[in-house]
Amino acid sequence: MGRGRIRSKIRRSHLHPFSCLRPSTKEGQEPHSLEGPGFSRIVYCNEPIKHRKKPLKYCSNYISTTKYNVITFIPKALFEQFRRVANIYFLLAAILSLTPVAPFSAVSMIFPLAFVVGISMAKEALEDWGRFMQDMKVNTRKTYVHQGEGEFGYKAWEKIQVGDIIKVEKDQFFPADLLLLSTSYEDGICYVETMNLDGETNLKIKRALEVTLPLDDDDTFKNFSGMIKCEDPNPNLYTFVGNFEYDRQVYPLDPGQILLRDSKLRNTAFIYGVVVFTGFDSKVMQNSTKSPSKRSTVERKMDKIIYILFSFLILISLISSIGFAVKIKFLMPDWWYMQPWKPEDLYNPNSPSKSGLAHLITALILYGYLIPISLYVSIEVVKVCQAMFIDQDIHMYDEETGNTARARTSNLNEELGQVDTILSDKTGTLTCNQMDFLKCSIAGNPYGVKSSEVELAAAKQMAMDLEDQDGELSIGSKSNTGTRTSWERSGDPEIELETVITARDEKDHKPAIKGFSFEDSRLMNGNWSNEPNPDVLLLFFRILAICHTAVPELNEETGTYTYEAESPDEGAFLVAAREFGFEFFKRTQSSVFVSERMRPGQVVEREYKLLNLLEFTSKRKRMSVIVQDEDGQILVLCKGADSIVFDRLSKNGRTFEESTTKHLNDYGEAGLRTLVLAYKKLDEAEYNAWNNEFVKAKTSIGADREVLLERVADMMEKDFILVGATAVEDKLQKGVPQCIDKLAQAGLKIWVLTGDKMETAINIGFACSLLRQGMKQIVISSMNSDNAVKDNILNQLTNASQMIKLEKDPHAAFALIIDGKTLTYALEDDMKHVFLALAVDCASVICCRVSPKQKALVTRLVKEGTGRTTLAIGDGANDVGMIQEADIGVGISGVEGMQAVMASDFSISQFRFLERLLVVHGHWCYKRIAQMICYFFYKNIAFGLTLFYFEAFTAFSGQSIYDDWYMLLFNVLLTSLPVISLGVFEQDVPSEVCLQFPALYQQGPKNLFFDWYRILGWMGNGLYSSLAIYFLNILILSNQAFRASGQTADMAAVGTTMFSCIICAVNCQIALTMSHFTWIQHVLVWGSIATWFLFLFVYGMVSPAYSGNAYQILVEALGPAPLYWCAILLVTITCNLPYLAHISFQRCFNPMDHHIIQEIKYYKKDVEDQHMWRRERSKARQETKIGFSARVDAKIRLLKGRLQKKNTLAVHSHRPSQS
């Protein structure tokens, strides 16, 4: 390692008076008192060997997100398998099959169970192995660790110990929670990106203690030692209490010196730190939860069906055993062929109860076909195939990252089709952390003609809606830079809706310059000097170039400057200033240098002396710099939120306030983030007087230092003159507004949970169309004082709920916005249900400044409080808790950090792919699994009950009417493949129709295909089919000659005929159930019937020693008998006739949504009658109050109201003229 130190020319703490300039300990700060529980941790710096033995041995830095390990896999996986009720039954049946009363061999019961459980466990192992491999990628990352004698070397993350000295370089992640010792800057400042922890994109400033600043080189750690006493591991990301003992002095520590695992070093060449918390003791891992075992709603309901069938099985087994006991006691003495004078244990007329009990075991095993063991294997196979289709969907492939969608677990496929609420992270999930300067308002004039993504999406939707207005409205367009949509009535265009839509190709929308998407020739290339108020324009550009804390870096390849800024907004402003001709190119300790291009070819370099900087904080919502230009004029340049800056304008500084306010509202409607720019001039005496006060406040000691600084800053930041406003587009992930709109149309509720500031979250809410102008915002916040905070919050929640209930406007929409501090109280047991009730009544919910733990708690509250299916989606370590807590967790891959993906059930590369994952794959998977399970129970009831009927006809003897091979092949071969094809290939409508008719998705959340009505209907169908199959065959075959030579049918012939009817009936039933046929389904359905007859032929050819009574049964007995074929045809038609009548009646008189679409597609009306197709699509949208469709609907209602009002006025004005 090189031992030279990179020295910065700037002491960066001078730029941050509020957060960084604190008096040193020697000036008065006392060490923290760390007595009592919760403060027991001791760390010996640079002496990790002391932490290898208890009591100072702490957990390793190894992390794991797997569900199992080598030791726990078998017991935990077996527990998971036997949580399934059917598996418990078959385990008992397998044990009972070892007894002499079993009707089948033990192998025939044990082998299927072992096969089912083994397949499921192998699938679990494979999925967990994938998690393990992703864990290993993190654990084997390398970092520089002090190895002794001042030498640093690479070590894997998992090998790092408490007390190790770590060197982290620019753009690397911190491998553990560290105490910052020194940085590449002289004053120990470093910049940290915590996006993975709290979702915030702005950089945090951390500072080292002054006493450790000399530890700035590898060699300085040769003899370094110290001790840290601090708090025990806890999940709070924003607090830290500890003391650092070094060189016989004790120094207090606070969060400003702590670097958290999974945050990233930015804009700083390197830092040195000592490891305080490792692995699961680190704060980010303390916020995570154990990988839960998730089961889908359908699977849990399936258990209830199994309970019902199991109860029914016990009932008929009891009937059978009682019937057997009665027969043994009263009738067996008369059956001479049973030799009643030689009684056995099972056939003893003198002990019928003992015989009945033994027969109960026989019946429980014999009628076991009512509970389908192969159902679980079939579902596993189907779900794996469905997961493969998700993985290979080319429409969810991201070209930029090369990542596809991944179903990391296939257990929850059908749950994707039943989601009610989506809880989403913001940064990196909805947004891509890129700000683009798009529009501005200067001196009351708007500049920037390019539309935001939200405007484009809304305009496109509005154009589609206007086409469907059935003659009420007509559309006209003019101008080549934009489209002007005129609303006409009787040929008079009176009310116009202006929507700017650039007429270029989509490729032109991509900014050529990162951070700058502005298009308006009036300001470019020096043309601004020809505009009205050029002096105000000049001030605007100078504020952009001067009012910031960024540092320029020359890109030697391009010759342009890039900027290391604390936030993306600041970077976008500097790029914009550069493009307008005002390039910030140099910063010294006391000055800012700007290259100003007043006219083409005329460039002047100016120096602005930086006198003071009042930084931007979430509380202040503004930033100001005090500079002196080359003429000696002192200026205060300010940028901040409109609500703050407008209140600080002087009376003569409000010239442009009205027009600027209008532009700000327009920008907000377009989903843009806005800031207002203002300035004022100072004379030197006024400045000096203020500066003396500021220096006193800055150097004061005590708890009220921050208050003093704020008060002094307030004295300066007033009496401004308004210059203008900026509008920056927080670039959303591609397709996010469209995706949210489609999900809203599908009836899904969307909550945003973010660690970001409230203002930022609200801006993104507008950008995503979760918020819109006219929507009533309910902001729940807590008071600064702790007194009666809880009562105050409860009152706010109650009043808001009451306001919603009293609202009479059916189109009114409410948005709930709450911050993390308030949420802490709102999530307490006595208040959380009031909060949830209010949130459910609101159209959108945004939770700001929330910790990872709070994200998980909110998710749990929604999941348990509503009882509906929840989906959480995020991309960072701060989202792991909610991803694991939700019914379905979706991780965004392709961004920094893989923690969210590792903890997720599904991963996608972009938020927009969530639309297809849910609306297409979710819808298909739910319907496929639901239909498949219902059909499975139908066919097993139809088959299993015929055994019971035969028992009743044969004195409950325990004799099966079917050959053992028939029964074995029924579920394994003859009926399993068609049902698997139903689960894998069935489509009620094609994927493009799912996207065009998003309301179809509501069939899942409403559970239309797996409710008790449908389940009991299929069970009833199975009962009817079993009755028809058994009694029609008995009726046809029992009292007449079976063959031309006069023979009657024996038990083998009746059983084989009956079984042939079952195979044909249930396979024809599944053919009627399918909406979508491929050649594979044809092969499997009709091939299963053909396979049965082929098996019967081959089995009959086998020696009688193996085939028994089935020897030559098809060739000699059944095949030549017309009665056999007639019975199959008659019984198959009889069994399927009621279902055919039911679906025919339903389609004619009470069709479901997909029935109508299927008929439109079948008759090609979607091609022949486009107007009808668009009208049906418009009707199929769920009524929603979020998304740009809701925004467009609100705009159309407004314009219709204006049109109606105008026509009314026209009528009234016409009447007097007539009179």
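Residues numbered from 1 in each chain as written. Predicted model: local features only at pLDDT ≥ 70, side-chain atom pairs only at ≥ 80, totals over all residues. Heavy atoms only, no water.

- As recorded by an unreviewed UniProt entry, the chain carries the name Phospholipid-transporting ATPase and is attributed to Linum tenue.
- If you open the UniProt record of the chain and go to Catalytic activity (unreviewed entry), you find "ATP + H2O + phospholipidSide 1 = ADP + phosphate + phospholipidSide 2."
- Check the Sequence similarities (unreviewed entry) section of the UniProt entry for the chain; it says "Belongs to the cation transport ATPase (P-type) (TC 3.A.3) family. Type IV subfamily." (UniProt positions renumbered as here; feature names shortened; annotations may be inferred.)

## Quick notes on the pairing of strand β22 (residues 582-587)
Then step 1. Extensive coverage of β22 is indicated by the burial of five of its six residues.
Then step 2. As paired strands, β22 and strand β23 (residues 591-599) are joined by five bridges and run antiparallel to one another. Within the sheet, the bridge partner assigned to K586 lies in β23 and is F593.
Then step 3. Hairpin geometry of β22 and β23 is characterised by an intervening segment of three residues between the two adjacent antiparallel strands. (Buried < 20%, exposed > 50% of the residue type's maximum accessible area, 1.4 Å probe, protein only. Helix = DSSP H or I, 4+ residues; strand = E, 2+ residues; numbered from the N terminus. Pairing = 2+ DSSP bridges.)

## Concerning the nonpolar core
What tends to happen in soluble globular proteins is that the nonpolar side chains get buried as a cluster.
Then step 1. Counting 115 residues, the largest nonpolar core has I933, Y962, Y966, F1010, F1059, W1092 and Y1124 as the members making the most contacts within it.
Then step 2. When residues of this core are assigned to their parent elements, the largest contribution, 17 residues, is made by helix α24 (residues 913-953).
Then step 3. Once residues lying within four places of it in the same chain are set aside, the contact partners of Y962 are F943, T946, L947, M967, G1055, M1058, F1059 and I1062. (Core = buried A, V, L, I, M, F, W, Y, C linked by side-chain atoms within 4.5 Å. Contact = heavy atoms within 4.5 Å.)

## Details of the sheet that holds strand β1 (residues 41-45)
Then step 1. As summarised here, the arrangement of the four strands in space is β1-β8-β9-β10, forming an open sheet in which the pairing is antiparallel. Strand pairing shows two members of the sheet lacking a second neighbour, β1 and β10 (249-253), which therefore form its edges. Within this sheet the neighbouring strands show an average axis-to-axis angle of 20°, counted without direction.
Then step 2. Relative to β10, strand β9 (residues 242-246) is paired through five bridges, and the arrangement is antiparallel. The residue bridging E245 from the neighbouring strand is V250, located in β10. (Axes fitted to C-alpha atoms, helices over the stretch in contact; angles between N-to-C directions.)

## So, the packing of helix α29 (residues 1051-1073) against helix α30 (residues 1079-1101)
Then step 1. In the contact formed by α29 and α30, the axes pass within 9 Å of each other and the chain directions differ by 165°. Between α29 and α30, the interaxial angle falls into the category roughly antiparallel. Crossing angle aside, the handedness with which α29 passes α30 is right-handed. Contacts from T1056, F1059, S1060, I1063, C1064, N1067, C1068, I1070 and A1071 in α29 reach V1085, W1086, S1088, I1089, W1092, F1093 and L1096 in α30.
Then step 2. Looking at the contact of α29 with α30 residue by residue, the class counts come to 12 nonpolar, four polar and no charged. (Parallel < 35°, antiparallel > 145°, perpendicular 65-115°, else oblique. Left-handed = near helix turned anticlockwise from the far one by under 90°. Nonpolar A, V, L, I, M, F, W, Y, C, P; charged D, E, K, R; others polar.)

## Some remarks on the packing of aromatic side chains
Then step 1. Taken as a whole, this structure holds 54 aromatic pairs when the rule is applied.
Then step 2. Note on W528 and F582: the rings are 6.0 Å apart at their centroids and 50° apart in plane angle, and the pair reads as tilted. Of the two residues, W528 sits in the loop between β19 (492-499) and α10 (534-546) while F582 sits in strand β22, which places them 54 residues apart along the sequence.
Then step 3. According to the relative accessible area criterion, W528 is buried, its value standing at 3%. (Phe/Tyr/Trp six-rings, centres within 6.5 Å; stacked < 30°, edge-to-face > 60°.)

## Section: the UniProt feature "active site" (unreviewed entry) in the chain
Then step 1. The sites that carry the UniProt feature "active site" (unreviewed entry) are, in the present numbering, D425.
Then step 2. Position of D425 among the secondary structure elements: in the loop between β15 (419-424) and β16 (431-442).
Then step 3. A relative accessible area of 1% places D425 in the buried class.
Then step 4. Engagement of the side chain of D425 in a polar contact is seen with the side chain of K855, the distance being 3.2 Å. (Polar contact = N/O pair within 3.5 Å; in protein donor to acceptor, adjacent residues only side chain to side chain.)

## Quick look at the packing of helix α6 (residues 297-330) against helix α8 (residues 374-391)
Then step 1. Running from N to C, α6 and α8 cross one another at 165°; their axes reach a closest spacing of 13 Å. Overall, the two elements α6 and α8 adopt an arrangement that is roughly antiparallel. The two elements α6 and α8 cross, and the hand of that crossing is right-handed. Contacts between α6 and α8 involve E299, M302, D303 and I306 on the former and, on the latter, L375, Y376, I379 and K383.
Then step 2. Each residue belonging to the contact of α6 with α8 can be placed in one class, and the counts come to five nonpolar, no polar and three charged.

## Some remarks on the sheet that holds strand β5 (residues 177-183)
Then step 1. Taken together, six strands build an open sheet; the order of strands is β3-β2-β4-β13-β5-β11 and the sheet is antiparallel. Where the open sheet ends on each side, the last strands, each with one partner, are β3 (152-156) and β11 (258-259).
Then step 2. Pairing of β5 with strand β13 (residues 270-277) involves six bridges; the strand directions are antiparallel. Residue pairing in the sheet places T183 in a bridge with I271 of β13.

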